[in-house]
Amino acid sequence: MILSLHVPKAAGNSLREMLHREYGERFMGDYGDWSGFDTPAANARRAVRTAAMRARAAELQEKYDVIHGHFHADKYTGLFEREDFVAFFRDPYQQAMAHYFFLLRNPQRDHPEERQFFDERMTLLDYLSWDAFRNQQSQYLGSVPLEDFTLVGLSSQFARGLALYGAIFGRNLGTQRYANVNVHRQNPEYEISPAVRKAVEKYRGGDLDLYRRAQEIFEMQARKAGL
């Protein structure tokens, strides 16, 4: 089973569309866990949803080849004959900025993160210091070491990551495309102020370390595949 983690604002929507197109009915999307959001309510919700999904292990093995979505890796560990974890990660400075502006653009979403975000009128620095999102990308790994992932991709090298997917799994996901991007952003990357850089280093140090390791693993995997 390919278990593809959709890390927020790291090309996950684009990958979802490509996987769905390639695998058709053998693809399953798994959203609704409130993953990457560390609060008592979110943790309780994930526990209930995890138990319900693990009870379906035989059905999932029979019906699907790939599961992609907002879930922590621990949700599916030990369920299938073979487990291939896949995830794309993003530079934490850019990911934090992108997620903040995503929240700003989506006040209509029925999600506790949006309600608290707007109720408290959070500034960017308020958001970065919010405990619920501390090391958001790292939260998705749970207890599964990054080194155990079959494919570690980088959103900044998405096309190369797609080629790596093809080399590993023998599937052509097509050409690079991006979904759910900030259409109001003029430059390909957000400008990072000294204050934001300092806040990310303080509150998302785990993600910075994760991203450094992801870069190393991606390059190693790509070289091994001749890419």
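Everything here concerns the structure above.
Everything numeric here is computed off the predicted structure, so don't read it as measured data.

Analysis parameters
As a convention, each chain's residues are numbered from 1 in the sequence order in which they are written. With pLDDT at 70 or above as the cut-off, local features in this predicted model cover only qualifying residues; side-chain atom pairs require 80 or more to be listed or tallied, and sums for whole chains, interfaces and linings still use all residues. To get the side-chain values, take all heavy atoms of the structure and skip hydrogens and water. For the purposes of this entry, the term helix denotes a DSSP run of H or I that reaches at least four residues, the term strand denotes a run of E that reaches at least two, and both are numbered from the N terminus. For a helix, the expected span equals 1.5 Å multiplied by the number of residues minus one. Partly exposed residues are those whose accessible area sits between 20% and 50% of the maximum for their type, while under 20% is buried and over 50% is exposed, using a 1.4 Å probe and protein chains only. Arc definition: it is the arc formed by the directions from the helix axis to the C-beta atoms. Any two strands with at least two DSSP bridges between them are considered paired. Geometry is summarised by axes, namely lines fitted to C-alpha atoms with helices restricted to the contacting stretch, and by angles between N-to-C directions that run from 0 to 180 degrees. The contact criterion used is simple: two residues touch if any of their non-hydrogen atoms lie within 4.5 Å. Nonpolar cores were defined as sets of buried Ala, Val, Leu, Ile, Met, Phe, Trp, Tyr and Cys residues, with membership established by side-chain atoms within 4.5 Å. We define a salt bridge as a contact between a side-chain nitrogen of Lys or Arg and a carboxyl oxygen of Asp or Glu at a distance within 4 Å. Side-chain atoms alone can form a polar contact between residues adjacent in sequence; in general such a contact is a pair of N or O atoms within 3.5 Å, and within protein one must be able to donate a hydrogen while the other accepts it.

Quick word on helix H2 (residues 40–54)
Working note: α-helix, 3.6 residues per turn, so residues spaced by three or four point in the same direction.
Right, on to step 1. Here H2 contains 15 residues, and its C-alpha end-to-end distance of 21 Å stays within 8% of the 21 Å for a straight helix at 1.5 Å per residue.
Right, on to step 2. Listed as buried for H2 are Ala42, Arg46, Thr50 and Met53. Buried residues of H2 fall within an arc of 70 degrees about the axis and therefore sit on the same side. Structural note: H2 exposes Pro40 and Val48 on the side pointing more than 90 degrees away from its buried face.

Some points on the sheet that holds strand S2 (residues 27–30)
Right, on to step 1. If you trace the five strands from one edge of the open sheet to the other, you get S2-S3-S1-S4-S5, paired in parallel fashion. The sheet is open, and its two edges are formed by S2 and strand S5 (151–154), each paired on a single side. For this sheet the average axis-to-axis angle between neighbouring strands, irrespective of direction, equals 20 degrees.
Right, on to step 2. Strands strand S1 (2–5), strand S4 (84–89) and S5 of the sheet are contacted by helix H8 (residues 158–169), whose axis makes an angle of about 165 degrees with S5.
Right, on to step 3. The sheet strands contacting helix H10 (residues 205–224) are S4 and S5, and the helix crosses S5 at an angle near 110 degrees.

So, helix H9 (residues 194–203)
Right, on to step 1. Taken residue by residue, H9 has Val196, Ala199, Val200 and Tyr203 as its buried positions. The buried residues of H9 occupy an angular sector of 100 degrees when the element is viewed end-on, so they sit on one face. Opposite its buried face, H9 presents the exposed residues Pro194, Lys198 and Lys202, each directed more than 90 degrees away.
Right, on to step 2. Where H9 is buried, its residues meet helix H4 (92–105), helix H6 (124–128) and H10.

Brief notes about unusual backbone geometry
Right, on to step 1. Backbone geometry places Ala11, a non-glycine residue, at a positive phi of 70 degrees.
Right, on to step 2. By secondary structure assignment, the location of Ala11 is in the loop between S1 and helix H1 (12–23).
Right, on to step 3. Judged by relative accessible area, Ala11 falls into the buried class, the value being 14%.
Right, on to step 4. A positive phi angle, near 50 degrees, is found at Asn135, a position not held by glycine.
Right, on to step 5. Structurally, the position occupied by Asn135 is in the loop between H6 and helix H7 (136–139).

Quick notes on the pairing of strand S3 (residues 66–69)
Right, on to step 1. Burial along S3 is two-sided: Val66 and His68 facing one way and Ile67 and Gly69 facing the other are all buried.
Right, on to step 2. When S1 meets S3, the two strands line up parallel, connected through four bridges. Considered in S3, the bridge of Ser4 is made with His68.

Notes on the environment of Phe149
Right, on to step 1. Along the chain, the position of Phe149 falls in the loop between H7 and S5.
Right, on to step 2. Judged by relative accessible area, Phe149 falls into the buried class, the value being 3%.
Right, on to step 3. Each C-alpha atom of the pair Phe149 and Ala87 lies 7.8 Å from the other, and the pair is 62 residues apart in sequence.
Right, on to step 4. Every residue in contact with Phe149, bar those within four places of it in the chain, is listed here: Leu5, Phe85, Val86, Ala87, Leu141, Val144 and Gln221.

Points about the nonpolar core
Right, on to step 1. With 48 residues, the main nonpolar core has Leu60, Ile67, Tyr76, Phe89, Leu146 and Phe149 as its most contacted residues.
Right, on to step 2. In contact with Leu60, not counting residues within four places along its chain, are Met1, Met28, Met53, Ile67, Tyr76 and Phe80.

Things to note about the pattern of salt bridges
Right, on to step 1. Inspection of every chain in the model, using the stated rule, returns 13 salt bridges.
Right, on to step 2. In this structure, the salt-bridge partner of Asp30 is Lys75, at a minimum N-O distance of 2.8 Å. You can see Asp30 sitting in strand S2 and its partner Lys75 sitting in the loop between S3 and S4, a full 45 residues away along the chain.
Right, on to step 3. Arg134 serves as the salt-bridge partner of Asp131, at 2.8 Å between the closest nitrogen and oxygen.
Right, on to step 4. In this structure Asp131 comes out as exposed when scored by relative accessible area, which is 52%.
Right, on to step 5. What you see here is one network of salt bridges that share partners, running through Asp30, Asp33, Arg49 and Lys75.

A word on the side chain of His68
Right, on to step 1. Secondary-structure assignment places His68 in strand S3.
Right, on to step 2. Here Ser4 takes part through its side chain, which lies 2.7 Å from a polar atom of the side chain of His68.
Right, on to step 3. Ignoring anything within four residues of it in the chain, the contact list for His68 reads Ser4, His6, Gly12, Leu15, Arg16, Leu19, Phe27, Met28, Gly29, Asp30 and Tyr31.

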